[in-house]
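Structural description and commentary
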Amino acid sequence: MTTFPGRWAEGVSLTLAPVLMLAGVLLRVGYDGFFPAQLAAFAEAPALMSASYGCFALGSFLLWPGVLGLVRRSPASRLVLCGGMMVLCGLFARAFHAGVSHLALQLVDVQGLASAQRAVADAYSAFHVFQPFNVVLFFGWAVLAAGLWRAGTLGLVPSVALGLMTALPIGVLKGTGPMSLLAVAGLCVALVPYGVKVLREGPAPRWWAVPLALAIGAGAAVLGTMG
């Protein structure tokens, strides 16, 4: 149990999740960052915006094994432990935001653009239990980055790049701006090389492991859409 979630889960997370998040923010470059324009963008280009929000949500979700791996590789650092817990709580909040964003985008198809914009505007400031975790995530990346640098897990440049994630907007239907690009690019600089290093630490998987994982993933996707 001390190796949970395991080298492969951690390495794949650290290399793939940041790239998916970067793809998500890049796909919606050119549209205004506030929710009325994001809904209008979905009405104009539903496939593009669905891919954008899907990539970002999947990347954000897939970060959790990587964060656990960073904490596990810094066992003597209470600062890393604290920062890792804060970031994980924030990632759960991002999963909630992704679900709300998905529903809001579907309102464009169901009710039309104007009606969807009114509905989101009326409900946007409603309280939800994950709101406190927005602040936790904001500070969590900085705490985690500082802890990883002090523990020697990451160098100074990757640690500073990771700390840039504090600039990533938090909430529902957030578009892409300069700070979003800077933050997610920093995440890639910080984690992707380290993820490659983790994957190279041990032997390659058995020849059947990758096809099996892909088959299980495809089956889960099919069953999920059927349910």
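Residues numbered from 1 in each chain as written. Predicted model: local features only at pLDDT ≥ 70, side-chain atom pairs only at ≥ 80, totals over all residues. Heavy atoms only, no water.

Orientation of helix α2 (residues 35-44) relative to helix α4 (residues 78-111), taken along the N-to-C sense of each, is 55°, at an axis distance of 9 Å. The angle between α2 and α4 falls in the class oblique. Crossing geometry of α2 relative to α4 is assigned as right-handed. In this structure, α2 uses Gln38, Leu39, Phe42 and Ala43 to contact α4, whose residues at the interface are Ala104, Leu105, Gln106, Val108 and Asp109. For the contact of α2 with α4, a count of residues per class yields 6 nonpolar, 2 polar and 1 charged. (Axes fitted to C-alpha atoms, helices over the stretch in contact; angles between N-to-C directions. Helix = DSSP H or I, 4+ residues; strand = E, 2+ residues; numbered from the N terminus. Parallel < 35°, antiparallel > 145°, perpendicular 65-115°, else oblique. Left-handed = near helix turned anticlockwise from the far one by under 90°. Contact = heavy atoms within 4.5 Å. Nonpolar A, V, L, I, M, F, W, Y, C, P; charged D, E, K, R; others polar.)

For the coordinates displayed, the defined rule picks out 3 salt bridges. In this structure, Arg72 and Glu10 form a salt bridge, with 2.9 Å as the shortest nitrogen-oxygen distance. Taken as a pair, Arg72 in helix α3 (residues 46-72) and Glu10 in helix α1 (residues 7-27) lie far apart in primary sequence, 62 residues in all. Its salt-bridge partner being Arg73, residue Glu201 comes within 3.1 Å of it at the nearest N-O pair. A residue pair is termed long-range when its members are at least 10 positions apart, and Glu201 in the loop between α8 (178-199) and α9 (209-226) and Arg73 in the loop between α3 and α4 qualify at 128 residues. (Salt bridge = Lys/Arg side-chain N within 4 Å of Asp/Glu carboxyl O.)

Turning next to the confidence of the model for the protein. With 98% of its residues at a pLDDT of 70 or more, the protein shows a mean pLDDT of 93. Taken element by element, the protein is modelled with least confidence in α9, mean pLDDT 78, and with most confidence in helix α7 (residues 156-163), mean pLDDT 98. (pLDDT = per-residue confidence, 0-100.)

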